Amino acid sequence: MHNKPNRYAGLEIDAEDEFQRRSYRVQRVAWVVLALVVVAGLLGLFGSGPLSHAQATHPGGRLRVEYERFGRLDAPLLTKVFVAPGTADADGRVRLWVSKDYLNRVAGDGLSPIPEATLTAADHVVFVFRLTDARQPVDVTFYLSTEKTGFLRGKIGLVGRPDTLSIRQFIYP
């Protein structure tokens, strides 16, 4: 059964009331979705903002990682690792490891400071930093860029210590 359009008294206008109601509902939903996308963007879901920065700290406080939760394909991605003072080995070196599954999905554009040595193990890469003063913290910055979209997971830790942190990022196209 087809609904006949209403005619308004004295006017030659066909009104599709049900169509108008559906149209207004669709418009309202579209405005809400658009507003949510704008709010998500402002909060950092698609770039920089409060939601985009993350931090992981080991309960002992010896290791902390600051990283970006969201990145873009082929765009710079910073990961900063902070090692507390007094964490060096007896020979004055800090040995920081990063899981290979993480490093295999990113391109290394640089590392600061430059490690004394880089060693490869079965499931991770070890970066060795020599300290001139073991009472100073070690701040390491990985300058990376992504090579694939999707979820990016990795682990960072200190050799010979239980300090292991997990990071999780999402890379947009």
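Summarised in this report is the structure supplied together with it. (Residues numbered from 1 in each chain as written. Predicted model: local features only at pLDDT ≥ 70, side-chain atom pairs only at ≥ 80, totals over all residues. Heavy atoms only, no water.)

## Points about the packing of aromatic side chains
Summed over the entire model, instances satisfying the criterion amount to four aromatic pairs. Ring centres of Phe151 and Phe170 lie 5.0 Å apart, and the angle between their planes is 65°; on these two criteria the pair is classed as edge-to-face. Taken together, the positions of Phe151 in strand 12 (residues 150–158) and Phe170 in strand 13 (residues 164–172) put the pair 19 residues apart, joining distant regions of the chain. A relative accessible area of 41% means that Phe151 is categorised as partly exposed. Put simply, the rings of Phe70, Phe151, Phe170 and Tyr172 pair up and form one aromatic cluster. The ring of Phe82 carries Arg64 above its face, with NZ or CZ at 4.2 Å from the centroid. Sitting above the plane of the Phe151 ring, Arg168 keeps its charged end 4.7 Å from the centroid. (Phe/Tyr/Trp six-rings, centres within 6.5 Å; stacked < 30°, edge-to-face > 60°. Helix = DSSP H or I, 4+ residues; strand = E, 2+ residues; numbered from the N terminus. Buried < 20%, exposed > 50% of the residue type's maximum accessible area, 1.4 Å probe, protein only. Lys NZ or Arg CZ within 6 Å of the ring centre and 35° of its normal.)

## Describing the environment of Arg64
Positionally, Arg64 belongs in strand 4 (residues 63–68). Note: C-alpha distance between Arg64 and Asp139 (75 residues apart in sequence) is 9.6 Å. Not counting the four nearest positions on each side in its chain, Arg64 is found in contact with Gln55, Ala56, Thr57, Lys80, Val81, Phe82 and Leu165. A distance of 2.5 Å separates the side chain of Arg64 from the side chain of Glu66, its partner in a polar contact. (Contact = heavy atoms within 4.5 Å. Polar contact = N/O pair within 3.5 Å; in protein donor to acceptor, adjacent residues only side chain to side chain.)

## Points about the sheet that holds strand 7 (residues 93–99)
The sheet built from six strands is open, its strands ordered 5-13-12-7-10-9 with mixed pairing. Edge strands, defined here as strands with exactly one partner in the open sheet, are strand 5 (70–72) and strand 9 (117–120). Each strand of the sheet is rotated relative to its neighbour by a mean of 30°, with strand direction disregarded. Inspection of the sheet shows strand 12 paired to strand 13 by eight bridges, in the antiparallel sense. Bridging from a neighbouring strand, Lys155 pairs with Ser166 of strand 13. (Pairing = 2+ DSSP bridges. Axes fitted to C-alpha atoms, helices over the stretch in contact; angles between N-to-C directions.)

## Focus on the nonpolar core
Among the nonpolar cores identified, the biggest contains 29 residues, and Val81, Leu96, Val140 and Phe142 are the most heavily contacted of them. With near-sequence residues (within four places) excluded, Val140 lies in contact with Thr79, Lys80, Val81, Leu96, Leu111, Ser112, Pro113 and Phe129. (Core = buried A, V, L, I, M, F, W, Y, C linked by side-chain atoms within 4.5 Å.)

## Examining the pattern of salt bridges
Going through the model one piece at a time under the given rule, you end up with eight salt bridges. For Glu66, the salt bridge is made with Arg64, and the minimal N-O distance between the two is 2.5 Å. By relative accessible area, Glu66 is classed as partly exposed at 27%. On the basis of relative accessibility, which here comes to 26%, the residue Arg64 falls in the partly exposed class. A salt bridge links Glu116 to Arg93; the nearest nitrogen and oxygen atoms lie 2.5 Å apart. Taken together, the positions of Glu116 in the loop between strand 8 (106–112) and strand 9 and Arg93 in strand 7 put the pair 23 residues apart, joining distant regions of the chain. (Salt bridge = Lys/Arg side-chain N within 4 Å of Asp/Glu carboxyl O.)

## Some remarks on the pairing of strand 6 (residues 76–83)
Relative to strand 6, strand 4 runs antiparallel, the two being bridged by five bridges. Its bridge partner being in strand 6, Tyr67 is matched across the sheet by Thr79. Alignment of strand 6 against strand 11 (residues 138–146), held across eight bridges, turns out to be antiparallel. Looking at strand 11, one finds that Leu78 is bridged to Tyr143.

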